[in-house]
Amino acid sequence: MKVVPVKDQHFETLHTIEGRKRKAKGKAKESPSIILKENASLDDVKLGSVFQDKNAMIRYFCLAAIKDHFEFYVEKSSNTRYSLVCTDEKDIATEVKPKFVILEMKIAHGIDVRYGKAWRAIQKGISLLRGTTEENYEQLSSYLYMMEQKNPGSYTNIKRDAENRELRKAIGIRKNLMFLSDQHKAIANRIANFFPKCYHGICIYHLEKNLKQGRVRNTIINLFQSAARVYIQSEFDDLMSQIVVIDKKTFDYLMEEPPGKWARSHCPRRQYDMLTTNIVESMNNVLRRARELPVLTMMDIIQEKLQIWFYGRRTAAKGIFREISNWEEATLNDKIKPAFTFRVLPIDRLKFKVK
């Protein structure tokens, strides 16, 4: 018997069947049954959703951001791609400028918008997104109440009596409490009135900045920095005597404030290494953008930032099994290495000479 092959018969393998199913599924995605418009709800938008056109999609996300209080910025926009990225506290520097609004209105709608109108439109959008200043302050008491409920031991108060006792209650009176600030008279007066027994020092960075603004020579500035940081009063006196010889005017300016306010050797309290307000200035820089936002948004950002920091440090501390921190151990090691090269000669029972 002769076997004749059948040419018209088609045999499908498992691979071809799966491929046909994928193609059919792809065609279904390419031809959705619902075309979304700008008034669609968030629940309607899913992976694979299709909008009527690009403008409808842009308007939809803008309206959704205002309604649901979230922010985004456009990462890429072209004829084939429109990419949005949600904004968080790390992207807070992203800011819409009036020039951007003017350009977008010209490109999208062919309308010339004045700078003032563009600025007012931005402010209106911000108020819709984050609430107005008045609305934020109306909700502030509720916000602080919930903060106390969720964080036992916290103290909050937005009222202030004639004697400003609330500030004192919030800070409290502690042993060796110190205030460090610039030479602003209002700050000095407040501290003297409400914390009369507390030490108030002057930040040497601000003093140095004042010297630079007065065009004082670098030699004098270096002598001032050394005088402020030495521990022994005799060394302080020696450095200040050099300053008075070189520049009597600068010496008189520095001595307008008692050395006990800015020199470590004369400080009546334990200053450790706190001679500047650097830590405060650093926080001011971290919160520079947040301080421009409404008060509730600003407080949310501060709370989240501190939460991240404290969690990270607490986690790191749990991994330390010594009595000192990693930073202190590294500092001690740096000081111990050269210490082995020193010669220690006794002078009496309590004094030694180190070479």
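See above for the structure.
To keep things clear, this report deals only with the structure shown in the data block. (Residues numbered from 1 in each chain as written. Predicted model: local features only at pLDDT ≥ 70, side-chain atom pairs only at ≥ 80, totals over all residues. Heavy atoms only, no water.)

A closer look at the packing of helix 5 (residues 133–150) against helix 13 (residues 295–318)
Then comes step 1: Two numbers describe how helix 5 lies on helix 13: the axes approach to 9 Å, and their chain directions differ by 30°. Classed by the angle they form, the pair helix 5 and helix 13 counts as roughly parallel. Counting all contacts with helix 5, which are made through Asn-136, Tyr-137, Gln-139, Leu-140, Tyr-143, Leu-144 and Met-147, the residues of helix 13 involved are Val-295, Leu-296, Thr-297, Met-299 and Asp-300.
Then comes step 2: For the contact of helix 5 with helix 13, the residue count by class is eight nonpolar, three polar and one charged. (Axes fitted to C-alpha atoms, helices over the stretch in contact; angles between N-to-C directions. Helix = DSSP H or I, 4+ residues; strand = E, 2+ residues; numbered from the N terminus. Parallel < 35°, antiparallel > 145°, perpendicular 65-115°, else oblique. Contact = heavy atoms within 4.5 Å. Nonpolar A, V, L, I, M, F, W, Y, C, P; charged D, E, K, R; others polar.)

Comments concerning the environment of Ala-121
Then comes step 1: Tracing the chain through its elements places Ala-121 in helix 4 (residues 115–130).
Then comes step 2: Spatially, the C-alpha atoms of Ala-121 and Pro-98 are 8.6 Å apart, while their sequence positions differ by 23 residues.

Re the side chain of Ser-83
Then comes step 1: For Ser-83, the location among the structural elements is in strand 4 (residues 82–86).
Then comes step 2: Residue class for Ser-83 comes out buried when judged on its relative accessible area of 13%.
Then comes step 3: Residue contacts for Ser-83: discarding those within four places in its chain leaves Tyr-73, Val-74, Glu-75 and Lys-76. (Buried < 20%, exposed > 50% of the residue type's maximum accessible area, 1.4 Å probe, protein only.)

Section: the pattern of salt bridges
When the charged atoms of two side chains with opposite charge come close together, those side chains can pair.
Then comes step 1: Summed over all chains, the structure comprises three salt bridges.
Then comes step 2: A salt bridge links Lys-248 to Asp-252; its shortest N-O distance comes to 2.9 Å. Separated by four residues within a single helix, Lys-248 and Asp-252 lie in helix 11 (residues 248–254), roughly one turn from each other.
Then comes step 3: A residue is classified by how much of its surface remains accessible, and Lys-248, at 46% relative accessible area, is partly exposed. (Salt bridge = Lys/Arg side-chain N within 4 Å of Asp/Glu carboxyl O.)

Considerations on unusual backbone geometry
Then comes step 1: Notably, Arg-215 is not glycine yet its phi reads approximately 60°, a positive angle.
Then comes step 2: The topology assignment puts Arg-215 in the loop between helix 8 (204–213) and helix 9 (218–229).

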